[in-house]
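Observations on the three-dimensional arrangement
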Amino acid sequence: MGLRATAEALFVHRNTLIYRINHINQLTNLDLNNINAVHALIDSFRIKKFLNQS
């Protein structure tokens, strides 16, 4: 999925999506072009959500 389609799916402007991706990259120092890094980030959000439910 490209940037335009992703932005539309999230109901944000393409530039907003780029800004947010860059911000996440700066905060985490993860290479978001690396699928393993993306999966690790997604897993960390899932774990945080699970722990907050308890």
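Up top you'll find the structure we're talking about.
In short, a report on the structure. (Residues numbered from 1 in each chain as written. Predicted model: local features only at pLDDT ≥ 70, side-chain atom pairs only at ≥ 80, totals over all residues. Heavy atoms only, no water.)

Okay, the overall build of the chain next. Across its full length, the chain carries 3 helices and 0 strands. Seen in sequence order, the chain has helices and strands lined up from the N terminus as α-α-α. Computed over C-alpha atoms, the radius of gyration of the chain comes to 13 Å, more than 25% over the 10 Å expected from 2.2 N^0.38 for 54 residues, which places it beyond the range of a compact globule. Its C-alpha atoms give the chain principal-axis dimensions of about 35 × 25 × 20 Å. Within the chain, the proportion of its 54 residues that are buried is 9%. As presented, the chain carries roughly 4800 Å² of accessible surface, and 58% of it is formed by carbon and sulfur atoms. (Helix = DSSP H or I, 4+ residues; strand = E, 2+ residues; numbered from the N terminus. Rg over C-alpha atoms; globule rule 2.2 N^0.38 Å. Buried < 20%, exposed > 50% of the residue type's maximum accessible area, 1.4 Å probe, protein only. Areas by Shrake-Rupley, 256 points an atom, 1.4 Å probe, with all protein chains shown as cover.)

On the surface, a nonpolar cluster with roughly 340 Å² of combined accessible area is contributed by Ile47, Phe50 and Leu51. Along the chain, Ile47 falls in helix H3 (residues 35-53). (Patch = residues over 30% accessible without salt bridge, like charges linked within 9 Å, V, L, I, M, F, W, Y side chains within 5 Å. Salt bridge = Lys/Arg side-chain N within 4 Å of Asp/Glu carboxyl O.)

With that out of the way, let us pick up helix H2 (residues 14-28). For H2, spanning 15 residues, the distance from its first C-alpha to its last is 21 Å, which sits close to the expected 21 Å at 1.5 Å a residue. Positioned one or two residues after H2, Asn29 has a phi angle of 60 degrees, which is positive. (Expected span 1.5 Å × (residues − 1).)

This part is about unusual backbone geometry. Working note: non-glycine residues mostly have negative phi, and peptide bonds are mostly trans. Positive phi, close to 60 degrees, is recorded for Phe11, a residue that is not glycine. By secondary structure assignment, the location of Phe11 is in the loop between helix H1 (3-10) and H2. Phi angles above zero are rare outside glycine, and Asn29 is one such case at about 60 degrees. The residue Asn29 is located in the loop between H2 and H3 in this model.

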